[in-house]
Amino acid sequence: MRTTVTDGVDGATAVAAVNLPARDVPWSEELQGRTVVLKCGGSTLIDPALRRSFAQDVVELWHAGLHPVVVHGGGPQISEMLDRLALEVRFEAGMRVTTPEAMDVVRMVLTGRVQRDLVGAINAHGPFAVGMSGEDAHTLTAERRPAWVDGRAVDIGLVGDIVSVAPDTVRDLLAGGRIPVVSPVARGRDGQIYNVNADLAASALAVALGADRLVMLTDVPGLCADWPRRTDVIPRLTAGELDALLPGLTGGMLPKMEGCLRAVRSGVGRVHVLDGRTPHAVLRGVLTEESPGTTVLPDGAADDATDGSTDAATDAQEIRA
Ligand SMILES: Nc1ncnc2c1ncn2[C@@H]1O[C@H](COP(=O)(O)OP(=O)(O)O)[C@@H](O)[C@H]1O
Ligand SMILES: CC(=O)N[C@@H](CCC(=O)OP(=O)(O)O)C(=O)O
């Protein structure tokens, strides 16, 4: 049986949703209570109009009976602040090299600024959003991790990988009718605070919540087979196909796709990587059958994939070449 949130929703209904407001649409009962984790990259949150569009979509999903949970990034905003403070901005394998000074800035910008702006945009529609850090109530626990560069472990400072998730606080907020908005800052078992890539944080939270879907909004049309050109977006691929692609990926796409793979291998029904620069990208991606961008499916769902997915093996070779 398929476990997608579009089950039972016909095309006309979905199109009506994109035209907004979704709250007037008679949504399928199948949607009720489904959890969808939405990861919004910092690049999508800079433009106030895009931030408002994302916030509106999140609220429309809530009205449609889903349980949206937001995990936000803020990479460009952190880099801008580090620049202003004359601190180094450096990435290894898509992860920020995070000194103790940089960690203070990461925490301040993510939980103190980017999250406040997003919570404010959602709450323009009513008393929905409650912001929290992954540190709160031990929601996200991390362990220090290196970056892997050409097969070598490179120390990147206070960067963590999630080793456990305590989703009860998020669940309590959902049960109270709220929309949790979570920053990707985590606590170590030793009390140290770690900077976590937001895609990996979203993936871990989606798994722990048993989410039906994970949606990642980014600043490209999807996973491009011909990167750095952007003309050949891979529409669908299975976990196995993505696994084969991973070694050839670079930059921010590497942790993003690692997060997608972990999610579909651990029970999330599917992951959408969507262009967050398109207004109402979330509604188009979640509520319509023909999602734009790149969709990652669990291996068992291979039969669901259209012809587009079967080119992924060739794409893997091209990306490596
Ligand atoms: N194969 C690829 N397809 C698309 N984007 C890619 C690819 N490889 C690297 N990228 C880079 O990954 C970036 C998205 O990751 P990231 O910068 O972390 O964004 P976000 O803030 O959305 O998480 C793109 O802007 C692009 O520069
Ligand atoms: C370890 C690491 O790289 N952490 C990220 C956290 C924010 C993030 O992931 O933001 P985006 O989603 O906008 O890229 C960083 O410091 O930039």
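Residues numbered from 1 in each chain as written. Chains lettered and ligands numbered in written order. Predicted model: local features only at pLDDT ≥ 70, side-chain atom pairs only at ≥ 80, totals over all residues.

With an unreviewed UniProt entry as reference, the chain is termed Acetylglutamate kinase, source organism Streptomyces exfoliatus. Under the UniProt heading Sequence similarities (unreviewed entry), the note attached to the chain is "Belongs to the acetylglutamate kinase family. ArgB subfamily." Check the Function (unreviewed entry) section of the UniProt entry for the chain; it says "Catalyzes the ATP-dependent phosphorylation of N-acetyl-L-glutamate." (UniProt positions renumbered as here; feature names shortened; annotations may be inferred.)

Q: Whenever I open this one, the overall build of the chain confuses me. Can you help?
A: Of the regular secondary structure elements, the chain holds 10 helices and 16 strands. Here the contacts in the chain between residues at least 6 apart in sequence split such that 76% fall between residues at least 24 apart. (Helix = DSSP H or I, 4+ residues; strand = E, 2+ residues; numbered from the N terminus. Contact = placed C-beta atoms within 7 Å.)

Q: Looking at this structure, I do not really get the site of ligand 2. What am I missing?
A: Near ligand 2, the surroundings consist of 17 residues, among which Gly 42, Gly 73, Gly 75, Arg 96 and Ala 198 are the closest. Looking at the shell around ligand 2, the elements that each hand over two or more residues are helix 3 (75–84) and strand 4 (95–96). Split into classes, the residues belonging to the shell around ligand 2 amount to seven nonpolar, nine polar and one charged. (Near = placed C-beta within 6 Å. Nonpolar A, V, L, I, M, F, W, Y, C, P; charged D, E, K, R; others polar.)

Q: What exactly am I supposed to notice about the site of ligand 1 here?
A: Gly 41, Thr 218, Trp 227, Gly 252 and Met 253 are the nearest of the 18 residues found near ligand 1. By residue class, the composition of the shell around ligand 1 is six nonpolar, nine polar and three charged.

Q: Can you walk me through the nonpolar core in this structure?
A: Val 37, Val 58, Ile 122, Ala 201, Leu 205, Ala 206 and Leu 214 are the most contacted members of the largest nonpolar core, which has 88 residues in total. Ignoring any residue separated from it by four or fewer positions in sequence, one finds Ala 206 in contact with Val 37, Ala 211, Leu 214, Ala 263 and Val 268. (Core = buried A, V, L, I, M, F, W, Y, C linked by C-beta atoms within 7 Å. Buried ≥ 20, exposed ≤ 12 C-beta atoms within 10 Å, placed from the backbone.)

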